[in-house]
Structure formats: C-alpha cells, structure tokens
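The lines below spell out each chain.
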Amino acid sequence: MNDPHEHLPGGDFTLRPFQNADAAAVARLVTDGVRGHWTYPPERFRASADPLRRRLVASSGTEIVATANLSPFGDATPDALRLDLAGDGAAFTPLYLALLADLPHGFSRLLGVTREDFGEQMGFFGAAGFRNAWQSWGAHLDLSGFDFAAFQPLEERLFLKAYEVERLFNDAPEADWAALYALHQRGLADAPRNPTTTPEPLTQAGLRETIVREETVFVVRWRGEIVALTRLTPQGPEVESENTVTHPDHRSRGLATLVKARALAWAVGEGFLKAGTGGTVLNLPMLRVNTRLGYRVERMWVTWERELVPRFTPE
C-alpha cells in the first residue's frame, strides 16, 4: 500500500491517500454526491490501516475536489469490491486508475452503486467499461396522509379467516423467536435479490439481537402460528422497512399489505413523519404492496459491475 503522504499520478489533479484532516471535506463531497439524500458527518471518515479498504482524495490547488473509496462489498458478496466516487467527475478516472494499480488480492469483480440521476457517477461507470447489471428502487411515504381506515376491510376479512396482526415484543417466548427466524430465512431464500439488496447473513441470535436493539416488528398469526412479518427501523423522524415476508402457504391474500399497514399505523401514532423502503425491481409483488400503501417510488438505483482480470503470478 502507498505511503499516506505519497502523491500519485493524476494529470490535472493531485492524488493522495485520505488523511483524517480531510474528513470534513470528504463528508461534504459525499453528501453532495448523493444530492443530500443522506447526510454524512465528518466523524464517519477515518483513515484505516485495513489493506482491503482504501480511500484516495484528489485536489486542485489547495482544495479537495473529489474522492474515491474501495472496500469489500460485504459478507453476502465476498468476491466483490465496492467502488464509490464523489466530487468533480473529471477526477474520477485518475482516482480509479490509481486504485486499480494497487488492488487487494482475492476479488473477482468491482461493483458500483449510484442513482440514475447522479450524472457524474452514471457517466463514469458507463464510460469505464462497467455494465448496468442490476436495478433497485427506493420509495418514501408521507405518514401525515396515511390512514389505516382504508385497510380496515382487509383486516376484517382476514380476521374471519383466523388471521390476526400484532406487534412482537422483546419478551416474546423462545418459540416465537425461532418461528420468526425460520420465516426470515424462508424470505431470504424466496425473494429475488441483487448484490445491493442482499442483507448481511444473520444467525438466529444475531437477528434477535438486532431486533431488540433497534427495530420494531409486527407479525400476522394464523391460528397462533406466525405466517407473516415486517420489520421497521426508526431513523430520526423516519422509519425504514428492513424486510417483509409471507409464508408461501399464505401468500396472495393481502397479508403483506395488512402487516405493513399496521406497522405504518404504529409509526404514525409514535410521531414518525416518513416511511422509507426499497428493493430490487425483480420483486414485483413487493412493489405492488408498497403502491397499495401509498409509497411513491423514486429514481432507480443502478448497480454497475466490472470483472477483474486475474493477476499473473510467476511460478
């Protein structure tokens, strides 16, 4: 790996490894790069000694104008590195080439994720030999206009068929946690996914710990058995859907719509202002559910892919 103070070839830009003193500038570039969709605080960016993680910055004069980060995509996609870029698009190619010159071993592809209206990133990936491999959607719902009354007839019809919705509390019995995990695993196996929408693998204990620490869960029971679930994570004034699953034997009856509607009604009562969700475009059933609930789908997220040529190692 390069020395932290080494200057790298960059044409009209000066390239060098990220230093902690760059955190505020990088946070601003990354926040601007996602059009303020998320706000990144400076403390999120720290120099790392991990050889699998590398961030570079590009400067023009004394100003940092762009940044690029390379890191493992995640445990669910162990063969891939993720490339993130922000700032002046003219600096993306020299930053990318500098990262390519010092790639860690053991990875077979590069992935990049950007929204279709983030023009500088879209233009770079399209010109740099990446392929538009997968598309995902994000959606938001203004909870000030959400009224559960519209879903009351559905709840009544399903109640007559022995389906009941309830919140699953942290002191639920062990049998419920086991059933929840089994349904969670079934959902992972059945739902179409892409690298961006594939969650990190969780054990039963890990799922329970995550829920207890930071989530709210609603379930549908049929004669006492948990047959559908939805998980929400509060994030400031917003709640984000983590996943919604219906057991195959109980699908196409409106359970996913009902359990999400009940969860959203809870969020309204708790004072949350917005709800967010998303997933791969291949998951048409969940797109339909969210449309019924009133979510407004936003611009597409694109996952770009480029295969890496294996390095030649002399014998």
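Computed from a prediction, not measured in an experiment: that's the story for all the values here.

The rules behind these values
Residues numbered from 1 in each chain as written. Predicted model: local features only at pLDDT ≥ 70, side-chain atom pairs only at ≥ 80, totals over all residues. Heavy atoms only, no water. Core = buried A, V, L, I, M, F, W, Y, C linked by side-chain atoms within 4.5 Å. Buried < 20%, exposed > 50% of the residue type's maximum accessible area, 1.4 Å probe, protein only. Helix = DSSP H or I, 4+ residues; strand = E, 2+ residues; numbered from the N terminus. Axes fitted to C-alpha atoms, helices over the stretch in contact; angles between N-to-C directions. Parallel < 35°, antiparallel > 145°, perpendicular 65-115°, else oblique. Contact = heavy atoms within 4.5 Å. Nonpolar A, V, L, I, M, F, W, Y, C, P; charged D, E, K, R; others polar. Expected span 1.5 Å × (residues − 1). Phe/Tyr/Trp six-rings, centres within 6.5 Å; stacked < 30°, edge-to-face > 60°. Lys NZ or Arg CZ within 6 Å of the ring centre and 35° of its normal.

Colleague: Go over the nonpolar core, please, and point to the residues and values.
Modeller: Within the largest apolar cluster, 32 residues are counted, with the highest numbers of intra-cluster contacts made by Leu143, Phe146, Leu264 and Leu293. For this core, the secondary-structure elements that each account for two or more residues are strand 6 (131-142), helix 4 (152-159), strand 8 (216-222), strand 9 (225-235), helix 7 (255-269) and helix 8 (284-293). Looking at this core element by element, the count peaks at 9 residues for helix 7. Counting 28 residues, the second largest nonpolar core, distinct from the first, contains Ala98, Leu99, Phe124 and Val302.

Colleague: Give a detailed account of the packing of helix 5 (residues 174-190) against helix 6 (residues 204-214), specifying residues and quantitative values.
Modeller: Look at helix 5 against helix 6: their axes get within 10 Å of each other, and the N-to-C directions meet at 105°. As the angle between them shows, helix 5 and helix 6 are arranged roughly perpendicular. Every residue of helix 6 that contacts helix 5 at Glu174, Trp177, Ala178, Leu180, Tyr181 and His184 is listed here: Gln204, Leu207, Arg208, Ile211 and Val212. Each residue belonging to the contact of helix 5 with helix 6 can be placed in one class, and the counts come to 7 nonpolar, 2 polar and 2 charged.

Colleague: Lay out helix 5 with the relevant residues and their values.
Modeller: A rise of 1.5 Å per residue sets the reference length of helix 5, with its 17 residues, at 24 Å; its end C-alpha atoms lie 24 Å apart and thus fit the reference within 8%. Looking at the buried positions of helix 5, the neighbouring elements they touch are strand 7 (163-168), helix 6, strand 8, strand 9 and strand 10 (238-246).

Colleague: A description of the packing of aromatic side chains should follow, citing residues and the corresponding values.
Modeller: Counted under the stated rule, the structure contains 15 aromatic pairs. Both rings, one in Tyr96 and one in Phe130, keep their centres 5.9 Å apart while their planes meet at 55°; by these two values the pair is tilted. Here Tyr96 is found in helix 2 (residues 92-100), whereas its partner Phe130 is found in the loop between helix 3 (119-127) and strand 6, with 34 residues between them in sequence. By relative accessible area, Phe130 is classed as buried at 6%. For the pair Phe146 and Phe151, a centre-to-centre distance of 5.8 Å together with 20° between the ring planes defines the contact as stacked. The class of Phe146 is buried, set by a relative accessible area of 11%. For Phe151, a relative accessible area of 10% puts it in the buried group. Positioned above the aromatic ring of Trp134, the side-chain terminus of Arg131 is 5.7 Å from the ring centre. The residue whose ring lies beneath Arg262 is Phe148, and the NZ or CZ to ring-centre distance is 3.9 Å.

Structural measurements only, silent on function.
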